[in-house]
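Summary of structural features
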Number of protein chains: 2
Amino acid sequence: MHISKEKRPLAIVIIVALLLLVGLASVFLILNFSYAHTDALHAVEIAVTNKSRGRGYNAEEYMMARQRLLSKEQRRALGAWLQLSEKESVLNEILLHEKKEIMEKSRLDRLTYTPALSFFKSKEWMENTTTFKIIRKMPKGAALHLHTTAMTSLDWLVKNITYREHVYTCVDKDGFALLSAFLHPPNDTECQWKPVSEERAEAPSSDKFDEELRKNLSFLIPDPLTAYSGTNQAWDRFNKYFKQVGSLLINAPIMQDYFRQALQEFWEDNVQYIEWRGGVRGYKEINGTVHDAVYGAEMFKKVVEEFVAQHPDFMGAKMIISGVRYRSEQTIEDHVKLATLMHRQYPNFILGYDLVGQEDPLNPLLFYLDALLYPTRQSLDDALPYFFHAGETKWEGTDVDENLLDALLLNTTRIGHGYALAKHPELADLVRSRGIAVEVNPISNQLLGLVSDLRNHAIVPLLADDFPLVISSDDPAAWEALPLTHDFFVAFMDLSGQDMGLGFLKQLAINSLKYSALDNYDKEAALGLWESKWNKFVKEAVAEFS
Amino acid sequence: MHISKEKRPLAIVIIVALLLLVGLASVFLILNFSYAHTDALHAVEIAVTNKSRGRGYNAEEYMMARQRLLSKEQRRALGAWLQLSEKESVLNEILLHEKKEIMEKSRLDRLTYTPALSFFKSKEWMENTTTFKIIRKMPKGAALHLHTTAMTSLDWLVKNITYREHVYTCVDKDGFALLSAFLHPPNDTECQWKPVSEERAEAPSSDKFDEELRKNLSFLIPDPLTAYSGTNQAWDRFNKYFKQVGSLLINAPIMQDYFRQALQEFWEDNVQYIEWRGGVRGYKEINGTVHDAVYGAEMFKKVVEEFVAQHPDFMGAKMIISGVRYRSEQTIEDHVKLATLMHRQYPNFILGYDLVGQEDPLNPLLFYLDALLYPTRQSLDDALPYFFHAGETKWEGTDVDENLLDALLLNTTRIGHGYALAKHPELADLVRSRGIAVEVNPISNQLLGLVSDLRNHAIVPLLADDFPLVISSDDPAAWEALPLTHDFFVAFMDLSGQDMGLGFLKQLAINSLKYSALDNYDKEAALGLWESKWNKFVKEAVAEFS
């Protein structure tokens, strides 16, 4: 920069003035900071035992200081900053009233607290609460953590898909029914395939048969905490579910209808938008034709477009391609290449890539480092966003625990589960500062053995400190949960305090859109749509439940 | 301030110069801060997907950035900053080797992880590990959270106390043996008292009788997680234990011996110092004489002094007077008055006051506010320090949860349990900044129903972020744990990561003395004594376990 000679004195004056200004500002800031700091500590200076004070506070002064500190604490929670409208405040009171009643009855009368029990013991119970009915009707925004083959209710699968031609079943050596679609069943000596229609005809009644089949498929049993004695036993049963329905749902026409029904059920559960994990390759026809990835992407895309056309108040569904953590590095590299191409071809529908499966014993992200760094080595213009599952574990300081580290280093857009995140203060700070949302699936975490009493869910400290966080449902169909309502219910009753009401739920809904992968334009539109639905909901809920 | 006219220009120059300096310093600090901030974020800028970069990192650069972030994360944990000596490093490797082996075997082979199971399933197992043997020999510093009547092993109680004259027993309607000492037993129709000696004589053998009696007293049963189905059921059994032994241990001569034996057992478990909760009033003689508080204080004090005289490597024991949370406000006010007097009379032995009992259903601290503010209203010169139990709960946002708030406002010296603290970010910040230590009792928390899998213990996030924290054992005798070793073992295997070794254990020992209520002079002495024991231990352990 050149400054002419005449202007130099002026320049010096300006610099000196600026420095003076900065100096003054700093002094002001420092004083202000000290003051604020003093104020923060002031509340706990009520020193009954503080010799230097010479005198104590009376009860009235105490209660004022107490209220100050309590408010400060409460304001840090997720949703605590939202200003509620008059109508919202009425609804808030209804929710808080029931929440307090249920909690206090259990706490003071020393009774079992049903909302924190195993979902299988709490499911029916919760459905009869006013809170559940309100949450069911509440526009919940988006569900951002789901998997293709556990999105549609088992009821519908049994009552619709298994009534179709070419659908076969067999019972494996452990007594589990497998399903598939064949023109001609294979000659399988370990599992004898028969048309479902024949089996159903031999049963005492169709309803009885359907009921038995549904029960056989469901992860839901009377007491899973005893039956699935640990994480691994639960995962074995969970994997079996995917084996039971997987072969059937790889059939392209069946998957189209199954997925269409998923959208229907999420829409009916007042969910406005979906991002889900799944594969695009390998869908096939009954005649044996196997489709490629483009076909798969087009298939899902078409279902979504048709559904949105018929339901203009639904904002759509987008897909994250996923591989499984036990594949070879070569396979994952193939996936990453494919996902990169697919994301380029469908930037507005194929969002990115993820790795799934039981994290604990399977390969950590680091195992696939070369494959996962592939896109950067190609100097591609378009990126491959990652949406990694990470930290779905209790194994602190192990390789699997470090998935959180690698997810961050690989610039993950969101984190699936992140159960272990609170044990990593440095990583948690980064996740917060970068606005990377954690996708929490409370019922899934409970059923797959991470935590039994949901009040101990490891994400609670982060919820209490307004963390970027969304609630989703992972695989609701596998355990016969509604698309999102049951998970929101337990989040409300177990993951948040007795004082956290409608603002907490509203912020979760807002977060679900805020942290979606929608582009800014669509995000605004989605938030606008959601808000108008929200206002309608508040009005109707107040009318119905007051 | 007056400045003479001549000096005014000089003063102005000085002020301007100072402001300029502050300005320059601020600019420097701001730039520096931005730089530090950039550096902190740098590690996660490895943007595989970051379009703006244009190119990615190779695996080598990735691994360097990864190591940087990993170290940053690990350095935040409790004990991570300690520099280990050469010998300590050898011992550290021994500990880390077994820790990793046990964890990885379970994680990768999908086997049950015994150290996190119910203590009743893990107790015997853990005693056979090298880690346990090392921790047993390790000088562990202080145990700061204990209760009088559950400090001495049941074995000793049965084999010693119940062999004495005048000791009676009866079996209540639920099959629990109660113990007491009488000259003449009362005529109790609900529970028929008989001399233990008679009952023993009628048994197949003394050993058999003693074994049955111990089992009957013990909280330890084959599967408490099933038998004690929830927090309340566990507390009922726990309270029963105190009923079983309470009447016996209120006998003054018996308590003297019992307490003397407690010191012996803690000393043998390599604990150097104790602070425990209990009452001083009501100890009585076999003839019915009831002693006052001064007698009680003198009784315990004398036992401690004699024990220290015989064991110069033991630093003593001090007492916190405690009341129970179901008493009337008047009773608690009487306690507070008494404790204030006792603390004045024995400032170096009676440390302060606490309230105990199952927090959930009982009165919160706020209920006793007037009583607890009593000392301040008296303008007493000497203070009454509080050591409140607070946050031993899963009930977020309830009255009981707010005990943490009131403990802080009432200037508590330490917090007993603080299980709920991580759910309160504002309070946790204050606890940290004020150096108020949390007394964590992991086995107690598990057995009393707060958490089943100890890896989910709510304090783990705070341990991972170097919080003021000590490990204690609460009521080890009730569940037949060693004075401190079992709790240190589960802290090591469940509350800390696979990468946290000897530094973690050493810091816990240091913390236990640092956060004790010893005055600075005694604290220095205790740390010195502990350090010489520590160095001896390291040398011997390396020799024995290498």
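Because the structure is predicted, anything quoted here is derived from the model rather than measured.

What follows covers the overall build of chain A. A count of helices and strands for chain A gives 21 helices and eleven strands. Considered along the principal axes of its C-alpha atoms, chain A spans approximately 90 × 75 × 45 Å. Counting every atom, chain A has about 22,200 Å² of accessible surface; 55% of that belongs to carbon and sulfur. Placing the 58 positive and 74 negative side-chain charges of chain A at their respective mean positions leaves the two points 5 Å apart.

With that settled, consider the pairing of strand β9 (residues 414-417) of chain A. Residues and elements named next belong to chain A. Strand direction decides the pairing type here: strand β8 (residues 389-390) and β9, joined by two bridges, are parallel. Bridge assignment links H389 to a residue of β9, and that residue is G416. In the classification by handedness, the crossover that spans β8, the intervening helix α15 (residues 403-409) and the parallel β9 is right-handed. At this point the chain moves from β9, through helix α16 (residues 425-434), to the parallel strand β10 (residues 437-440), and the crossover so formed is right-handed.

Bringing the interface of chain B and chain A into the picture now. Taken together, the contact pairs 100 residues of chain B with 100 residues of chain A. Carbon and sulfur atoms supply 59% of the area that chain B and chain A bury against each other, a total of about 8,600 Å² over both sides. It is R107, R110 and W395 of chain B that lose the most area in chain B upon contact with chain A, and together they represent 10% of the buried surface on that side. On the surface where chain B and chain A come into contact, there are twelve salt bridges. Among the salt bridges present, the one from R76 of chain B reaches E426 of chain A, with a minimum N-O distance of 2.8 Å. On the surface where chain B and chain A come into contact, there are 37 residue pairs in polar contact (both at pLDDT 80 or more). Taken together, the elements giving at least two residues each to the side of chain B that touches chain A come down to α1 (8-42), α2 (59-74), α3 (86-108), α10 (231-249), α14 (369-377), α15 (403-409), α16 (425-434) and α18 (460-463) of chain B. Broken down by element, the residue count for the side of chain B that touches chain A peaks at ten residues, all from α1 of chain B. Of the residues in the side of chain B that touches chain A, the class split is 52 nonpolar, 22 polar and 26 charged.

Before going further, it helps to examine the sheet that holds β9 of chain A. Reading across from one edge, β8-β9-β10-β11 (chain A) is the order of the four strands in this open sheet, with parallel pairing throughout. Taken across any chain shown, the strands that pair with only one partner, and hence form the sheet edges, are β8 and β11 (469-471) of chain A.

Time to look at the side chain of R237 of chain B. Residue and element names in this part refer to chain B. Locating R237 in the fold gives a position in helix α10. Despite its burial, R237 pairs with no opposite charge; the closest candidate is E480, at 8.5 Å N-O. Not counting residues up to four positions away in its chain, the partners in contact with R237 are F176, N216, L217, S218, F219, Y228 and Q244.

So, on to unusual backbone geometry. Most peptide bonds are trans, and most residues other than glycine sit at a negative phi. All names here are of chain A. Backbone geometry at N411 places phi at a positive 60 degrees, although glycine is not the residue there. Structurally, N411 can be placed in the loop between α15 and β9. Look at E480: it is not a glycine, yet its phi comes out positive at around 55 degrees. With respect to the helices and strands, the residue E480 is situated in the loop between β11 and α19 (485-494). Judged by its relative accessible area of 17%, E480 falls in the buried class.

For the rest of this paragraph, the subject is the packing of aromatic side chains. On inspection of all chains with the given rule, the structure shows 48 aromatic pairs over all chains. With centroids separated by 4.9 Å and ring planes inclined at 90 degrees, the aromatic side chains of F367 of chain B and Y368 of chain B adopt a geometry described as edge-to-face. Classification of Y368 of chain B by relative accessible area gives buried; the value is 0%. Following the ring pairs from residue to residue traces out a cluster consisting of F119, F120, F219, Y228, W235, F238, Y241, F242 and W479 of chain A. Lying over the aromatic face of F492 of chain A, K99 of chain A brings its terminal NZ or CZ to 4.0 Å of the ring centre.

Superposing chain B onto chain A takes a rotation of 180 degrees combined with a translation of 0.2 Å along the rotation axis, leaving an RMSD of 0.5 Å. Look at the turn and shift together and you get a two-fold axis relating the two.

Moving on: the state of the cysteines. Residue and element names in this part refer to chain A. This structure, assessed with the given rule, holds two disulfides over all chains. Residue C170 pairs covalently with C191 via a disulfide, S to S 2.0 Å. Across the S-S bond linking C170 and C191, the dihedral sits near 95 degrees, which makes this disulfide right-handed. Taken together, the positions of C170 in strand β2 (residues 167-171) and C191 in the loop between β3 (177-181) and β4 (194-195) put the pair 21 residues apart, joining distant regions of the chain. Assessed through its relative accessible area of 2%, C170 is described here as buried. Judged by relative accessible area, which is 4%, C191 ranks as buried.

With that settled, the discussion passes to the domain arrangement of chain A. Assigned domains of chain A: these are domain 1 (8-75) and domain 2 (121-540). Computed over C-alpha atoms, the centres of domain 1 of chain A and domain 2 of chain A are 48 Å apart.

Residue and element names in this part refer to chain B. A large share of strand β5 (residues 273-278) lies buried, amounting to six of its six residues. Of the two faces of β5, the one holding Y273, E275 and R277 and the one holding I274, W276 and G278 are both buried throughout. Sheet topology note: the strand β1 (residues 142-143)/β5 ladder contains two bridges and is parallel. Residue A143 lies in a different strand from β5, and its bridge partner there is I274.

Calculation notes
- Residues numbered from 1 in each chain as written.
- Chains lettered and ligands numbered in written order.
- Predicted model: local features only at pLDDT ≥ 70, side-chain atom pairs only at ≥ 80, totals over all residues.
- Heavy atoms only, no water.
- Helix = DSSP H or I, 4+ residues; strand = E, 2+ residues; numbered from the N terminus.
- Areas by Shrake-Rupley, 256 points an atom, 1.4 Å probe, with all protein chains shown as cover.
- Lys, Arg positive; Asp, Glu negative; His and termini not counted.
- Charge placed at Lys NZ, Arg CZ, Asp CG, Glu CD.
- Pairing = 2+ DSSP bridges.
- Right-handed = clockwise from strand over helix to strand, strands pointing away.
- Contact = heavy atoms within 4.5 Å.
- Buried area = accessible area lost by both parts, 1.4 Å probe.
- Salt bridge = Lys/Arg side-chain N within 4 Å of Asp/Glu carboxyl O.
- Polar contact = N/O pair within 3.5 Å; in protein donor to acceptor, adjacent residues only side chain to side chain.
- Nonpolar A, V, L, I, M, F, W, Y, C, P; charged D, E, K, R; others polar.
- Buried < 20%, exposed > 50% of the residue type's maximum accessible area, 1.4 Å probe, protein only.
- Phe/Tyr/Trp six-rings, centres within 6.5 Å; stacked < 30°, edge-to-face > 60°.
- Lys NZ or Arg CZ within 6 Å of the ring centre and 35° of its normal.
- Least-squares fit on C-alpha atoms with pLDDT ≥ 70 in both.
- Disulfide = S-S within 2.5 Å.
- Domains from an automatic or database assignment.

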